[in-house]
Amino acid sequence: MSNDAATAEAAGTAEAPPVPEPIPHGLGASLPPADARAKTEGTFPYAADLWAEGLLWAAVLRSPHPHARIVSIDTTHAREMPGVRAVVTHEDVPGTALHGRGRADRPVFASEVVRHHGEPLAAVAADHPDTARMAAAAVIVEYEVLDPVTDPEQAFEAEPLHPDGNLIRHIPLRHGDPEAAGEVVVEGLYRIGRQDPAPIGAEAGLAVPRPDGGVELYLASTDPHGDRDTAAACYGLTPEQVKIVVTGVPGATADREDQGFQLPLGLLALKTGCPVKLTATREESFLGHVHRHPTLLRYRHHADAEGRVVKVEAQILLDAGAYADTSAEALAAAVAFACGPYVVPNAFIEGWAVRTNNPPSGHVRGEGAMQVCAAYEAQMDKVAKKLGLDPAEVRLRNVLATGDVLPTGQTVTCPAPVAELLQAVRDFPLPALPKDTPEDEWLLPGGPEGAGEPGAVRRGVGYGIGMVHMLGAEGADEVSTATVKVQGGVATVLCAAVETGQGFATLARQIVQETLGVDEVHVAPVDTDQPPAGAGCRGRHTWVSGGAVERAAKMVRTQLLQPLAHQFGMSTELLQIADGKITSYDGVLSTTVAEALEGKELWATAQCRPHPTEPLDEAGQGDAFVGMSFCAIRAVVDVDIEIGSVRVVELAVAQDVGRVLNPAQLTARIEAGVTQGVGIALTENLRTPRGLVRHPDLTGYALPTALDAPDIRIVKLVEERDVVAPFGAKSVSAVPVVASPAAVASAVRAATGRPVNRLPIRPQAAVVTGT
């Protein structure tokens, strides 16, 4: 030590060592994701990285036609190629030949007819991936090409594309007086394009045969038990003979993996007796997995002179593509929320989901609700314009609140602070106008070196209010099971809820920390040896699986506290756990959690099952939803009215979240959802002329990049707890996806005066002539 340092220390002026920041702990803290380090270091176990001794490689042959009759399939040349170990077609499926998430109507391999571009016809296993691909290409299929039905309006009159017919579901909603009329009537026709979920990580899997004649599948599954049951039926095995081990999921905003990709994998492993791996190309992903439903919507709104909605009439047509999948559920959401989060005393909605020869549609965040939000918000803008009123004020005069009734007849019993959300974004300060100087040209629509001129730029402000339902609907039995074990001061959570990026693994750790006061909590890997927890969508794992973890943790807490309570002659309710300590209400008892756990192994298993719902009846009436969440967004855009380019300047967001469980995670989820919505609004549209997927890659399909992401301002989070939900929390990811495209379109309408009735917004829709 130097003399100066010694003198300073003696004088008591030496710098104190830095105080370490406290580690985030329990609910309400921004606990970092458990897998963050593994993903950063590149050790996260993605399925594409898996390996096994004696590995074979798989490839799938897919149809180049959207609609054709299969005359013959000749696998002779493929089977004779050196290195090829197996070729399977529909003739090699030992069990059920049909599968599907919502309805089993899709063949594992097409046998008589192909119904969409990219439908699987055969699969090959070989010693090398190149050999597998060449062998798949060597399978000779003779087709009789048929005219595809690609317009959903034509599906009503077209010849049946499927033995089940072209109509998947029809919902006629009837609510109120059909003769009701308003002083103002506005109409609109709207079209929503086909959005691909575009999972960034490769869709991949590994199948390993078992000695008992079964098979293990290593997949990035979001619904492992559902996928297991489907696979077992296809393979002619019992569910106990098929095990699915969930590998690292590289994010999921939809049904991430195509079952038509998973099922051939296990068939090849069973046929060859060897492990088989398949990694889909990006093109195969675009062709195989489901997309957002393209939708055609016709609306008529009746309003009084004050702008209050009197009646809504609408027709909603969902293009389900070739197979049903979850289209019936998506249609229910679209019809039920067709009027939006507004009080509408009279509503008459007709909804249809139909088959076409387009790529299959299915579950994507906010399905059904997103499409109708774009339409009903456009209608609210039209009402405001016709009456000469402020668009935000017209919305405020109509918004839902707790206790109001939906057009389905269901009373809104959960918190519905829609007015508060809209007022928050309306009153938030607007961003500054861009400067008209060369150094700020990057602020123009089109970006740096863009073709736009500052004089042609118009700024617009618009609004979007969205609502989504949480969990399954219409009688779906939502249930999840979890086990919590504590030994040696370390807690382990076993629950088959898949971590898809929604943060369940982090939430489970926080719940156990909060309940038991244990710092070290591990969440076990997911496989189908665990009890089912259901699919990872619609916030169900936060609610149902999180609720199961909480109940199991509370049961362990009781086991931990009972001996101490008995020793001191009091009930466990008089003891509390906080900061790693157990104390009594009167201070007589004080010990650490570690001391109380010493030498003990405690565990408990619990289930969570929300209150039941019911299907919509023949008039579209019924208590179909467990709960709902809401979001209001104000969009500010700059539009070059000469070339039609659009720049989203800012999106101000206010959301009904119930309770903030992890602030950092919640913020990230909202920002991600808003950005996904911007893609729907401006760039994302999987084009399928005559049923052929055009540009099935990330070059031709325009995902928004970091340069496209606007400033996102979360101006208010309303924490009004839903009393029927564990922790009072609501799902947060889907509703920003629903509201943001409508808000962007509303802002473009405000800037241009154009109707903007199609998403994504095409440049010609934002061009103003004669200026």
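Just so it is clear, the structure is predicted and the values come from calculations on it, not from any experiment. (Residues numbered from 1 in each chain as written. Predicted model: local features only at pLDDT ≥ 70, side-chain atom pairs only at ≥ 80, totals over all residues. Heavy atoms only, no water.)

Caption draft 1: Representation of the state of the cysteines. With the rule as written, the count across this model stands at zero disulfides. We note that cysteine 274 lacks a disulfide partner, and the nearest cysteine sulfur, in cysteine 234, lies 19 Å from it. In this structure cysteine 608 is a free cysteine whose sulfur lies 10 Å from that of cysteine 495, the closest cysteine sulfur available. Taking relative accessible area as the criterion, cysteine 608 reaches 3% and is therefore assigned buried. (Disulfide = S-S within 2.5 Å. Buried < 20%, exposed > 50% of the residue type's maximum accessible area, 1.4 Å probe, protein only.)

Caption draft 2: Layout of the pattern of salt bridges. Here the structure, examined in full by the defined rule, presents 36 salt bridges. With a shortest N-O distance of 4.0 Å, aspartate 147 and arginine 690 are connected by a salt bridge. Taken together, the residues span a long stretch of sequence, with aspartate 147 in the loop between strand E8 (140-145) and strand E9 (167-175) and arginine 690 in the loop between helix H15 (663-682) and strand E28 (711-718) at a distance of 543 residues. Each member of the pair, aspartate 147 as well as arginine 690, is classed as exposed. Glutamate 187 is the salt-bridge partner of arginine 300, the closest N and O atoms lying 2.7 Å from each other. Here arginine 300, found in strand E15 (residues 295-303), pairs with glutamate 187, found in strand E10 (residues 184-192); they are 113 residues apart in sequence, far enough to count as distant. Judged by its relative accessible area of 32%, arginine 300 is partly exposed. Judged by relative accessible area, glutamate 187 falls into the partly exposed class, the value being 46%. One connected set of salt bridges, linked through shared partners, spans Glu187, Arg300, Lys311 and Glu313. (Salt bridge = Lys/Arg side-chain N within 4 Å of Asp/Glu carboxyl O. Helix = DSSP H or I, 4+ residues; strand = E, 2+ residues; numbered from the N terminus.)

Caption draft 3: Focus on empty space enclosed by the protein. Going through the model one piece at a time under the given rule, you end up with six cavities of 30 Å³ or more. What the largest cavity holds in volume is close to 610 Å³. Residue lining of the largest cavity: 36 residues in total, with Gly539, Arg669, Ser731, Val732 and Ser733 positioned closest to the centre. Where the lining of the largest cavity is concerned, the elements lending two or more residues are strand E18 (457-473), helix H12 (504-516), helix H13 (540-567) and H15. Considering only residue class, the lining of the largest cavity consists of 13 nonpolar, 16 polar and seven charged. (1 Å grid on protein atoms, 1.4 Å probe; cavity = no way out; pocket = protein on both sides within 12 Å on 5 of 7 lines; lining within 4 Å. Points joined across faces, edges and corners; volume = space filled by probe spheres on them. Nonpolar A, V, L, I, M, F, W, Y, C, P; charged D, E, K, R; others polar.)

Caption draft 4: Representation of the pairing of strand E7 (residues 120-126). The buried fraction of E7 amounts to seven of the seven residues, a majority that puts the element mostly inside the structure. Sheet topology note: the strand E1 (residues 56-62)/E7 ladder contains six bridges and is antiparallel. Directly across from alanine 58, in E7, lies its bridge partner alanine 125. Judged from the four bridges that link them, strand E3 (residues 84-88) and E7 form a sheet pairing that is antiparallel. (Pairing = 2+ DSSP bridges.)

Caption draft 5: Just the side chain of glutamate 474, in detail. With respect to the helices, strands and loops of the structure, glutamate 474 is situated in the loop between E18 and strand E19 (480-487). For glutamate 474, the side chain forms a polar contact with the side chain of arginine 169, separated by 2.9 Å. Only 3.0 Å separates the side chain of glutamate 474 from the backbone nitrogen of leucine 616, close enough to count as a polar contact. Sequence-distant contacts of glutamate 474, defined by excluding residues within four places in its chain, comprise Arg169, Ala332, Thr613, Glu614, Pro615, Leu616 and Ala624. (Polar contact = N/O pair within 3.5 Å; in protein donor to acceptor, adjacent residues only side chain to side chain. Contact = heavy atoms within 4.5 Å.)

Caption draft 6: How the structure looks around the packing of aromatic side chains. Under the criterion given, the structure shown has six aromatic pairs. Measuring from ring centre to ring centre gives 5.8 Å for phenylalanine 156 and tryptophan 352, while their planes differ by 85 degrees; the resulting arrangement is edge-to-face. One end of the pair, phenylalanine 156, is in the loop between E8 and E9; the other, tryptophan 352, is in strand E17 (residues 346-354), with 196 residues separating them in the sequence. Tryptophan 352 sits in the buried class, given a relative accessible area of 18%. (Phe/Tyr/Trp six-rings, centres within 6.5 Å; stacked < 30°, edge-to-face > 60°.)

Caption draft 7: Quick peek at the environment of glutamate 684. Along the chain, glutamate 684 turns up in the loop between H15 and E28. Classification of glutamate 684 as buried rests on a relative accessible area of 4%. Counting along the chain gives 18 residues from glutamate 684 to alanine 702, while the straight-line C-alpha distance between them is 5.5 Å. With sequence-adjacent residues up to four places away left out, glutamate 684 is seen in contact with Arg194, Gln195, Asp196, Gln676, Gly679, Tyr701, Ala702, Leu703, Pro704 and Pro760. In this structure the side chain of glutamate 684 is engaged in a polar contact, spanning 2.6 Å, whose partner is the side chain of tyrosine 701.

Such coordinate-based values are descriptive only and should not be taken to indicate function.
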